[in-house]
Amino acid sequence: MSGHTFQNKAIRWIDERMPIFTVMQHSAIDYPTPKNLNYWWNFGSLALFVLVIMLMTGIFLAMSYTPHVDYAFTSVERIMRDVNYGWLLRYLHMNGASMFFIVVYIHIFRGLYYGSYKAPRELLWWLGIVILLVMMATAFMGYVLPWGQMSFWGATVITNLFSAIPLVGEDIVTWLWGGFSVDNPTLNRFFALHYLLPFVLVAVVFLHLWALHTTKSGNPLGIDVKGPQDTIPFHPYYTIKDLFGVGVFLLFYLFFVFYAPNFFGEPDNYIPANPLVTPPHIVPEWYFLPFYAILRAVPDKLGGVVLMFGSILILFALPWLDRSRVRSARFRPIYKQVFWLFLIDCIVLGYIGAKPPEGAFITIGRIATAYYFAHFLIVMPLLGRLEKPRPVPQSISAPVLKPAAATAQMEKV
Amino acid sequence: MRKFIIGTLAAAGMAASTAALAAGGDQQITDVDWSWEGIFGSYDHAQLRRGFQVYREICGNCHSMNLIYYRNLQQIGLTEDQVKEVAAEKEVEDGPNDDGEMFMRPALPSDHFVAPFPNDQAARVANNGALPPDLSLMTKARLKGPDYVYSLMTGYQDPPEGVEVAEGMNYNVAFPGHQIAMAPQIFDEMVTYEDGTQATADQITKDVVAFLNWAAEPELEQRKSMGLKTMLFLIVLTAMFFALKRRIWAAVH
Ligand code: HEM
C-alpha cells in the first residue's frame, strides 16, 4: 500500500504517521478501473452526490424546523417564506429524496442487468440492500416531518402495519407511536431518527465502497479483469466521466427544483395534519408504490406485510437464486428478455400502488405480485439451468481494441 | 440501452399517474393560461393588487390567510403607508401590559392577516356548520390548484335534473361531489378597480386566483429567475465537462 512518495513535505509528514494520502491516492486516483464501463456505472457516484446534498440541505433545514405537532407545519412554511433561500433548501431536499430513489433504483437495475451481485460481489450487493432499507426508513420518517395530511395519514397507515404481527403487534405499534395514536411523541422520535439515519447511511456507504474497492468494479461484459491492459486509473478517466454525469444529473434535478418543485409531491400535504379528517386517497410517495401494491395484493394483513418486506429481503438471496455462471445479460439471451419483463412488472406494480384497490386493479396487482416473486424463485433458478449463454469474450481489451471497424460503423449511423 | 431509457421514463410516468389519480372522476376543471406559468412566467403585480382587493372585500369575510403578514404586501407593490393603513383596519389582541391586562390594538405590518373569526368553531357557526378553509396555501393544496379555484368560483350551475341539492348546499361542477357549502361569491361589478380594469366576474376571479397563487408561492419569481441563470450556467459547465471527457478519453477509445 505505501510506497507512494509525496513531493509536499507537510503531506509526507502526515502520511508517514497516518497514510491517509496514500489511501486517497490509492482509491481515488490510481484505483484501477475497467476501461469499458458504460454510463450505467455513473449512478453509484451520483447516489453519493445526492447523499451529500441531502445531508447538507437537511442540516440547514433542521436549524429552522420545529418538531412539534402545533408548530411543524408552520415552521416549514416559515422556512419557505421567511428564511433566506429557505424555499431553495426545502425544494432541494424534497426533490432530492425523489432523485435519490431514481438514481438508486437505476443503480440497482444496473446491478440486476449486469449480474453485479454475483461472486465475488455478494457482500457489496448485501450492503447495497441495507442501504436501500435505511434509505426507505429515512424517507418515510422525513415525509412525516412537515405534518401535512399525507404525513399524518401515511404515518398512521404504515405504522399500523406492525399491528399485524401476532400477539405483540398492538404493543409494538403503541411503542412506535409513544402513545395511542400518531401524535407529538411520534413526530419527535421521527425527527430524531430522521436526523440520525443519514449518518448511518454514510457509514454503510463507506462499507459498500470498501467492499467495492476490494472486489473492484464489474463491467458490462461481466468478465474478470485479466491484467493492467484491461484497466485505466480512476483519475482522470472516471473523475471526469463522473463529473459529466453530475452535470447532466443536476440539469435534470434542478429543473424540477426550479420549475416543477411539487411534481413528485401530493397536494394534500399542503393541508395541515388533521386527525379528524381522513383524505379520500392515502397514497405513499411514488418510490414506495410498488411495495404498497404488493402489500395490498394479499387479502390477509399479516400476509401482505410479510410479502412486502419479503419483496426486498429476497434480494439478499439473489446471488444464490441466480444459478447462471455468466454475469452480464449481454451474453444471456433469455435473461436479457426476462430482465425487461421484470422491470415492466415493477412499473405495473407502481401503477397499481397508486390506484384504489378495486375491480381490475386488484387482479392485476395480484398477478404482478405473483410474477415479482416468481421471477426470483422460479425464473432465475430455472434459467441458470436451462439457458445456453452465448460465448463471452476473452478479455476486456479484446473487444474494446479489436472492432475498430464496428466503432466506425456506429459513428456513421 | 434504449429500452432502459424508456423504462426509466416509464417509471417517471408512474409518479405522474399518482397525481392523475387524485384528480378523481367528474370534476370539470378549466385550463386557464396564467401569467406565471412556464419557464419565463412571472406575476402581473397590478393583477396581484386587484386580487388582494377582492380578497379584502369579499373572501376575507369568511376565509383566513394565516400564513401571510401585512408586510408581505409590499412585495406586490403596496407602499409602506398603504400597508400600515390596510393593517390598521383590523384589531389584534396584545399584551399583557404593565397592569397585566390584555388589550386590543390596531394590527401592524408585522402581524399576520387577522382572521375573520376567532376560532374554527365560530367560523362554522357563521357558515351553516361548514368551515371556510384557510386560503394561504389553497392553490398548492389542490390538484392543478389555480385552475381548480378558478373553476370552483365560476362553476356554480343549476343542478341537473334528478339531482337533489342538500339544504344550505350549492351545486358546483368543479367541487368534488358537486355540493359545496359556499354560496356563489363573485358577480360582475362586485368590486370597483382603481386602475380602471373592467370588473367582470371572470376578471375578478382570475385576479383573486393570481393573488392566492402569489400567497402560496411568493418565491416563484425569484425561483424562476434563479433557475434560468442556474440552468444556463449548468448547460455550459456540462458541455465543458463533456468536451473534456472526450479529450481525456480520446486515447482509450
Ligand atoms: C446511498 C446509496 C448508494 C451509494 C452512495 C452507492 C455507491 C456506489 C458506488 C460509488 C459504486 C461504484 C460505481 C458504480 O458501480 O456505479 C457502487 C457500486 C455498486 N453498488 Fe452501490 N451505492 C448505493 C446504493 C446501492 C444499492 C441500494 C445497491 C443494491 C441493492 C447497490 C449495489 C451496488 C453494486 C452491486 C455495485 C458494484 C457494481 C459493479 O461494479 O458491477 N448500491 N455503489
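Residues numbered from 1 in each chain as written. Chains lettered and ligands numbered in written order. Predicted model: local features only at pLDDT ≥ 70, side-chain atom pairs only at ≥ 80, totals over all residues. Heavy atoms only, no water.

Trainee: Looking at this structure, how should I read the side chain of aspartate 345 of chain A?
Mentor: All names here are of chain A. Position of aspartate 345 relative to the elements: it lies in helix α13 (residues 333–353). One buried charged residue, aspartate 345, forms no salt bridge at all, with the nearest opposite charge on arginine 366 at 13 Å. At 3.3 Å, the side chain of aspartate 345 forms a polar contact with the backbone nitrogen of tyrosine 372. When neighbours within four sequence positions are excluded, aspartate 345 is seen to be in contact with Ala368, Tyr371 and Tyr372. (Helix = DSSP H or I, 4+ residues; strand = E, 2+ residues; numbered from the N terminus. Buried < 20%, exposed > 50% of the residue type's maximum accessible area, 1.4 Å probe, protein only. Lys, Arg positive; Asp, Glu negative; His and termini not counted. Salt bridge = Lys/Arg side-chain N within 4 Å of Asp/Glu carboxyl O. Polar contact = N/O pair within 3.5 Å; in protein donor to acceptor, adjacent residues only side chain to side chain. Contact = heavy atoms within 4.5 Å.)

Trainee: What is the right way to look at the coordination of the iron atom of the ligand in this model?
Mentor: Each donor-metal-donor angle would ideally measure 109.5 degrees in four-coordinate tetrahedral geometry, or 90 or 180 degrees in six-coordinate octahedral geometry. Residues and elements named next belong to chain A. Coordination of the iron atom of the ligand by the protein is provided by His107 (NE2) and His208 (NE2), with metal-donor distances spanning 2.1 Å. Coordination at the iron atom of the ligand comes from six donor atoms whose angles at the metal span 81 to 178 degrees, giving a geometry best classed as octahedral. Placement of the pair is histidine 107 in helix α5 (residues 86–114) and histidine 208 in helix α9 (residues 184–215), with a sequence separation of 101 residues. Looking at histidine 208, the relative accessible area reads 15%, which means it is buried. (Donors = N, O, S within 2.8 Å, 3.2 Å for Na, K, Ca; no water. Tetrahedral: all angles 85-135°; square planar, octahedral: opposite > 155°, others 65-115°.)

Trainee: Could you clarify how one ought to interpret the site of the ligand in this entry?
Mentor: All names here are of chain A. Close to the ligand lie 23 residues; His107, Arg110, Gly128, His208 and Gly218 are nearest. Serine 116 places a polar side-chain atom, nitrogen or oxygen, 3.1 Å from an oxygen atom of the ligand. Those elements giving two or more residues to the shell around the ligand turn out to be α3 (43–62), α5, α6 (122–144) and α9. Sorting elements by how many residues they give to the shell around the ligand places α6 first, with six residues. (Near = heavy atom within 4 Å.)

Trainee: Explain the nonpolar core here, please?
Mentor: As a rule of thumb, soluble globular proteins bury nonpolar side chains together. Of all hydrophobic cores here, the largest spans 183 residues; its most connected members are Leu112 of chain A together with Leu73 and Phe211 of chain B. Ranked by size, the runner-up nonpolar core spans five residues in total, among them Leu221, Ile223, Val326 and Phe331 of chain A. (Core = buried A, V, L, I, M, F, W, Y, C linked by side-chain atoms within 4.5 Å.)

Trainee: Looking at this model, I keep getting lost on the domain arrangement of chain B. Mind explaining?
Mentor: Accessible area lost when the parts come together is the quantity often used to give the size of an interface. Residues and elements named next belong to chain B. Considered domain by domain, chain B is made up of domain 1 (25–68 + 112–156 + 168–218) and domain 2 (219–253). Centre-to-centre, using C-alpha coordinates, domain 1 lies 40 Å away from domain 2. With twelve residues of domain 1 in contact, the opposing surface of domain 2 contributes six residues. A buried area of about 720 Å², summed over both sides, lies between domain 1 and domain 2, and 49% of it is on carbon and sulfur atoms. Looking at the side of domain 1 facing domain 2, the largest losses of area belong to Ile39, Glu217 and Pro218, adding up to 44% of the total buried there. At the surface where domain 1 touches domain 2, the tally comes to one salt bridge. Notably, a salt bridge pairs glutamate 217 with arginine 223, separated by 3.1 Å at the nearest N-O pair. (Domains from an automatic or database assignment. Buried area = accessible area lost by both parts, 1.4 Å probe.)

Trainee: How should I be thinking about the pattern of salt bridges in this particular structure?
Mentor: Note on pairing: side chains with opposite charge can pair once their charged atoms come close. Residue and element names in this part refer to chain B. Here the structure, examined in full by the defined rule, presents 15 salt bridges over all chains. For aspartate 94, the salt bridge goes to arginine 105, with nearest N and O atoms at 2.7 Å. You can see aspartate 94 sitting in strand β1 (residues 91–94) and its partner arginine 105 sitting in strand β2 (residues 103–106), a full eleven residues away along the chain. The salt bridge involving arginine 105 is made with aspartate 111; its shortest N-O contact spans 2.9 Å. The class for arginine 105 is buried, based on a relative accessible area of 17%.

Trainee: Sorry if this is basic, but what is going on with the packing of α6 of chain A against helix α12 (residues 301–321) of chain A here?
Mentor: Any two packed helices are characterised by how steeply their axes cross, that is the angle between the axes, and by the distance between the axes. Residues and elements named next belong to chain A. As a packed pair, α6 and α12 sit with axes 10 Å apart at the nearest point and diverge in direction by 175 degrees. In this view, α6 runs roughly antiparallel relative to α12, as classed from their interaxial angle. Between α6 and α12, the contacting residues are Glu122, Trp125, Trp126, Ile129, Val130, Leu132, Leu133 and Met136 on the first element and Ile312, Leu313, Leu315, Phe316, Leu318, Pro319 and Trp320 on the second. Classifying every residue of the contact of α6 with α12 gives 14 nonpolar, no polar and one charged. (Axes fitted to C-alpha atoms, helices over the stretch in contact; angles between N-to-C directions. Parallel < 35°, antiparallel > 145°, perpendicular 65-115°, else oblique. Nonpolar A, V, L, I, M, F, W, Y, C, P; charged D, E, K, R; others polar.)

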